[in-house]
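Letter by letter, the chains look like this.
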Amino acid sequence: MNHDSRADALLSGRVAVVTGGGGGIGAATARVFAGQGAHVVIVDVDAGLAAGTVDEIAAAGGSAVAVVSDVRDADAVDDLARSVLDRYGRADVLVNNVGHWLRHPGNFVDTDPEFWAELYRINLHHVLLVTRAFLPAMVARRAGAIVNVSSVEGLRGYPEDPVYAAFKAAVIQFTRSLAVQVGGHGVRVNAIAPDVTESLQVPYSQWLSAEEQAQWPQWVPVGRMGVPEDQADVILFLASDLSAFVTGHTIPTDGGTGAAGGWFRSTRRPDREWTNRPIAP
């Protein structure tokens, strides 16, 4: 992390809350934010991950604290917002980063309402809970930026899990609609839709064979796998005044895959009917 202590750093002195900030895209976002002068609140259910990211930021000269919290729980979210507002008096930036596809579910007809509820809580419900908790203070100050992390699967058909895709699409529509509702109150709401990016849930470096690794230039138009910092830099743009006239939009942070293609019926993977892997399907 390149720490920038100048007064003109993009987030100088701002308070930024990042959910799921202990690892992957969330941790990269926390590091980038701190490097641009923000006081970062790293929220994670995993105390060890959160503490580790705080230590990295502190070692680089940045400001960060960890809050262990399960943002799927309404009471925990209320406690989180109260602690942040009591400590800092405000929250200038909120990044709703938590999300997970949980597991490969098989066909939709083989899933059940309990599984749908799990997907809902971790991919959409927490976005509503955390946003509701922090939004009033932003409206009161007539200033704030909210960035939601959706997925490429909210923009295209996702045959492996239509329910996950539905909730990720809902995040995009919530982003668009809330942005219109609160734009006149000085609050901007945007989102990103990642694809082909290394993360805790999608460890491509472990999943791909040597043959597949060699296919990145054919698979992704930019020619490589995405890394968490690729996502964090776009989140920084949306959180900062560089995007002061941007609201209600979802940026596909996908290396060009959305423009180039999508899922393919597999003929070589007996365990999966569909693939988006670079190897021939």
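The coordinates are above.
What you are looking at is a predicted structure, and each value in this text was computed from that prediction instead of being measured.

**Quick notes on the overall build of the protein**
In step 1: Scanning the protein from N- to C-terminus turns up 10 helices and 9 strands.
In step 2: Burial statistics for the protein: of 281 residues in total, 50% are counted as buried.
In step 3: For the protein, the share of sequence-separated contacts (at least 6 apart) that also reach a separation of at least 24 residues comes to 70%.
In step 4: Here the protein has roughly 12,500 Å² of accessible surface; of this, 54% comes from carbon and sulfur atoms.
In step 5: In the protein, 22 side chains carry a positive charge and 31 a negative one; their mean positions are 5 Å apart.

**Overview of the sheet that holds strand 4 (residues 93–96)**
In step 1: Spatially, the 7 strands line up as an open sheet ordered 3-2-1-4-5-6-7, and their pairing is parallel. The open sheet has two free edges, formed respectively by strand 3 (63–68) and strand 7 (250–253), since each of these has just one partner strand. Taken over all neighbouring pairs, the strand axes of this sheet differ in orientation by 15 degrees on average, direction set aside.
In step 2: Sheet analysis places strand 2 (residues 39–44) next to strand 3, joined by 6 bridges and oriented parallel. By the bridge assignment for strand 3, I42 is matched with A66.

**Structural notes on the environment of E229**
In step 1: Along the chain, E229 turns up in helix 9 (residues 228–239).
In step 2: For E229, a relative accessible area of 33% puts it in the partly exposed group.
In step 3: Separated by 203 residues in sequence, E229 and G26 have C-alpha atoms that sit 9.4 Å apart.
In step 4: Setting aside anything within four residues of it in sequence, one finds E229 in contact with A28 and R31.

**Quick word on helix 3 (residues 74–88)**
In step 1: When the terminal C-alpha atoms of helix 3 are compared, their 21 Å separation across 15 residues agrees well with the 21 Å that a helix rising 1.5 Å per residue should span.
In step 2: Where helix 3 is concerned, the buried positions are A76, V77, L80, A81 and V84. Burial along helix 3 is one-sided: seen end-on, the buried residues are contained in an arc of 135 degrees. Facing away from the buried side of helix 3, by more than 90 degrees, are the exposed residues D75 and D86.
In step 3: Against strand 1 (15–19), strand 2, strand 3 and helix 4 (113–141) lie the buried residues of helix 3.
In step 4: In this structure D73 caps helix 3, since a side-chain oxygen of it lies 3.2 Å from the backbone nitrogen of D75.
In step 5: Of the residues one or two after helix 3, G89 is the one with positive phi, at around 85 degrees.

**Some words on helix 2 (residues 47–59)**
In step 1: Between its first and last C-alpha atoms helix 2 spans 18 Å; for 13 residues at 1.5 Å apiece the expected length is 18 Å, and the two agree.
In step 2: Buried residues of helix 2: A50, T53, V54 and I57, and no others. Each buried residue of helix 2 sits inside an arc of 100 degrees when the element is viewed along its axis, so together they form one side. Across from the buried face of helix 2, at angles greater than 90 degrees, the exposed residues are G48, D55 and A59.
In step 3: Along its buried surface, helix 2 packs onto helix 1 (24–35), strand 2 and strand 3.
In step 4: Where helix 2 starts, the residue carrying a side-chain oxygen 3.0 Å from the main-chain nitrogen of G48 turns out to be D46.
In step 5: Backbone geometry just downstream of helix 2 places G61 in the positive-phi region, at approximately 90 degrees.

The rules we used
Residues numbered from 1 in each chain as written. Predicted model: local features only at pLDDT ≥ 70, side-chain atom pairs only at ≥ 80, totals over all residues. Heavy atoms only, no water. Helix = DSSP H or I, 4+ residues; strand = E, 2+ residues; numbered from the N terminus. Buried < 20%, exposed > 50% of the residue type's maximum accessible area, 1.4 Å probe, protein only. Contact = heavy atoms within 4.5 Å. Areas by Shrake-Rupley, 256 points an atom, 1.4 Å probe, with all protein chains shown as cover. Lys, Arg positive; Asp, Glu negative; His and termini not counted. Charge placed at Lys NZ, Arg CZ, Asp CG, Glu CD. Pairing = 2+ DSSP bridges. Axes fitted to C-alpha atoms, helices over the stretch in contact; angles between N-to-C directions. Expected span 1.5 Å × (residues − 1). Arc of directions from axis to C-beta. Polar contact = N/O pair within 3.5 Å; in protein donor to acceptor, adjacent residues only side chain to side chain.

Function cannot be read off these values alone, since they describe shape.
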